[in-house]
Structures are given as structure tokens and as C-alpha cells.
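Spelled out from the first residue to the last, the chains are:
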Amino acid sequence: MATIENFVNLPSEADYQEIIKKFPAFASASLSEKAKKDGACENSDYKAGYYFTRTALPGSSIIVMFVNDVGDLFWDIGDGIGAGLRVALQTIYNPECNLVKGCKEVSRTAEIWDKEKRKAVKTTSKTPVVTFGKKDYIWLNKDECENGKEKSMRLVSLELIARAKPFDKDGDTNDYGSEEAKKLRQQCQDEAFEFATEEEKKLLVKVKLSEKDGYEKEKPILKKEKSKEQNQKKSSVESLFDDLFAGKIDEEGLRKGLKEIVASERAKQGASVETAKALNNEIVEQAKLFQEKLEAKRVDKEFDNVNSTIDKLNLGGKQ
């Protein structure tokens, strides 16, 4: 079964169901200024638009789940003309980071579809909201994070942040992992990252989606799992500088060993600019630490020389 790994995705039906249960007034979404400018459709009465989920209709090869301007589900082909873009992402939960410290409560009143009354009913809800990349996100699992039940924050954009690219321009597939949907998947990340800082990006958790369940369930690749290879790489860099300090290799041996690590990282599937920058920063940091250790060793040697001089003093004995 095919799998994909992304930092940012369309929300799933499960995300929608969680919103409608916890924060029903936020099941629909208003349009950002960018979404309006891009030409996303807006219902002037409800001040909201409609948006994709990544959930496919079971048994169909072309029908995709949407959420309409009153927060109700409907099914249609994936050309999605005029659909807004709502995105979902995960970040590591750290109560000391600015993302969490900046959490605020937001209230919204909207006309939301009531299945029992079979009409849109004015609904007011409050939801915790955090800001990532100058865009606001509903924090779906705030209680679970704070109670230690979940390690990553699950976030869905408060607004429709742009006009969505089509799921498939010809409406011929509902496969979120397909080549046709690649531009839409990339747009999710591009829009979320538009104003994001490098510090914010470090908090992101990549998630794995599988064709097996229609890309519905997200499996977070948590920091410990994600950084295992990085820690091994770091140990390799540290070991080379340790060997240089111990005299086991010379500077030429150090350079050769570091270039072997670079070649190994370059050859790995999924190698990125971030990988190269992280490796470069690690080498620079280890070189700095090496110089500091070397200087400390020189200082110790000089003080040892002072002690040796004292021990060798011969001033003719007692006076």
C-alpha cells in the first residue's frame, strides 16, 4: 500500500467530526482576504465558503467529501471550482514554547446546519486558537495535550486561507495520494509556510498517511522517531572530532570522515535543504567546541609548566 508523509494536509472527515462535536460554530469557515482575492466562493448571507477534506467516498473513484458554508457535509467530484483551502498540521506540544503561550480563546457565531431541525441554526462556540506563520489555527486536542494523553498538537486553520487548487482538475480521481493531487498537497504546505519562521518550522511534526484507509488516519512521526538517524549522524560527527582531539586521526582524516557523512546524507531518500543545513551547523558547532577544548588543554599545559617551574626552584635551602 502506498504511503505519503507530509507536514501539512487537507483536514480529514475525522477532523471535521471533532470540530462539529467540540466547537460546532467553527465547522464552517470564513474566508481570509487572500482567499477572497483569489476568487474562492463566499456565501454572502453566511459569510462563509466551502472546502475540501481529503476523505474519499467509499466505493467511488471520483467523489470527495466537502464541507459547505453552513458546516454540513456533501459529496462532489474533485475539481472543486471555487473551493476554499482549509489545512491541518501537527506541532510538538511544548508548554514553554511561544506557540502554546500565545494560545487564546476565540468566539464565533455562525449559521450551522442542524440535522434534527433540518435547517441552519445560529450557533455560538468558543475554541482555543494558536498562531503559526501569522495564521490562526483551532487547537483540536488542547485538553489531551495538557493531560499528557497526546504529544502533538493537532491544528486546523481557523479560516479558508486561500482558494484551493483542484483535487483533480478533471474530476477523475479522489485519491489524495495520487500524482493529480500532488499540486494540492504542495499548496497546503506552501500556504501554511508562507510566513512561518524557521523556529516555528522546528515544532512541526510530519505525519504518515496510508492508502490502506484512504489517507484518513494520521500517524505522527514524533520527534524521537524522526531524530533517531539525526542523533546517529551527530554521534558520528562528534566521534570524528573526539578522535582528532585524542590524536587517533589527523585533520586530513577528519575532513575525509566528514565528507563521507555528507555523501551518505546526500544519498538518502528524502534528503533536503534542511538536512544539509542541519549537518553544516553540527559540523561548525563541533569545530567550535573542538577549538575550545584545545584551548583549555593548552591552558592546562601552561599551568602544569608553572607548577613544574615551582618544583624545580632551588634557592639554596633555608636562610
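Scroll up to find the structure.
Residues numbered from 1 in each chain as written. Predicted model: local features only at pLDDT ≥ 70, side-chain atom pairs only at ≥ 80, totals over all residues. Heavy atoms only, no water.

Draft legend 1. Inspection of the pattern of salt bridges at higher detail. If you walk through the whole model with that rule in mind, you get 19 salt bridges. Between Glu-18 and Lys-22 there is a salt bridge, and its shortest N-O distance comes to 2.8 Å. Within this pair, Glu-18 and its partner Lys-22 are both found in helix α1 (residues 13–22), separated by four residues, close to a single helical turn. The class for Lys-22 is partly exposed, based on a relative accessible area of 33%. Among the salt bridges present, the one from Glu-194 reaches Lys-34, with a minimum N-O distance of 3.5 Å. Taken together, the residues span a long stretch of sequence, with Glu-194 in the loop between α5 (182–193) and α6 (198–201) and Lys-34 in helix α2 (residues 33–38) at a distance of 160 residues. Accessibility expressed as a relative area gives 36% for Glu-194, which makes it partly exposed. What makes Lys-34 partly exposed here is its relative accessible area of 30%. If you follow the salt bridges from partner to partner, you end up with Glu-18, Lys-22, Glu-144, Glu-150 and Arg-154 in one network. (Salt bridge = Lys/Arg side-chain N within 4 Å of Asp/Glu carboxyl O. Helix = DSSP H or I, 4+ residues; strand = E, 2+ residues; numbered from the N terminus. Buried < 20%, exposed > 50% of the residue type's maximum accessible area, 1.4 Å probe, protein only.)

Draft legend 2. Quick peek at helix α9 (residues 251–267). Between its first and last C-alpha, α9 extends 25 Å over 17 residues, near the 24 Å set by a 1.5 Å rise per residue. Two or three places before Glu-252, at the opening of α9, Asp-250 has a side-chain oxygen 3.2 Å from that residue's backbone nitrogen. (Expected span 1.5 Å × (residues − 1). Polar contact = N/O pair within 3.5 Å; in protein donor to acceptor, adjacent residues only side chain to side chain.)

Draft legend 3. Highlighting the packing of α9 against helix α10 (residues 273–312). Following both chains from N to C, one finds α9 and α10 inclined at 165 degrees, their axes separated by 11 Å at the closest point. By the angle between their directions, the pair α9 and α10 is classed as roughly antiparallel. As for the relative orientation of α9 and α10, their crossing is right-handed in sense. Contacts between α9 and α10 pair Leu-258, Ile-261, Val-262 and Glu-265 from the former with Thr-275, Leu-279 and Ile-283 from the latter. Classifying every residue of the contact of α9 with α10 gives five nonpolar, one polar and one charged. (Axes fitted to C-alpha atoms, helices over the stretch in contact; angles between N-to-C directions. Parallel < 35°, antiparallel > 145°, perpendicular 65-115°, else oblique. Left-handed = near helix turned anticlockwise from the far one by under 90°. Contact = heavy atoms within 4.5 Å. Nonpolar A, V, L, I, M, F, W, Y, C, P; charged D, E, K, R; others polar.)

Draft legend 4. Expanded view of the pairing of strand β11 (residues 207–210). Here β11 shows a buried face lined by Val-207 and Leu-209 and an unburied face lined by Lys-208 and Ser-210. Both strand β1 (residues 3–6) and β11 contribute to a ladder of four bridges, which runs antiparallel. Of the residues in β11, the one forming a bridge with Ile-4 is Leu-209. Both β11 and strand β12 (residues 219–220) contribute to a ladder of two bridges, which runs antiparallel. Within β12, the residue paired with Val-207 across the bridge is Pro-220. (Pairing = 2+ DSSP bridges.)

Draft legend 5. Spotlight on α1. Buried within α1 are the following residues: Asp-15, Tyr-16, Glu-18 and Ile-19. With its buried residues spanning 160 degrees around the axis, α1 presents them on a single face. On its buried side, α1 packs onto β3 (51–56), β4 (63–67), β5 (73–77), β6 (88–92), α4 (142–146) and β10 (152–157). At the N-terminal end of α1, a side-chain oxygen is found 3.3 Å from the backbone nitrogen of Ala-14, two or three residues along, and the residue is Ser-12. (Arc of directions from axis to C-beta.)

It is worth stressing that arrangement in space is one thing and function is another; only the former is reported here.
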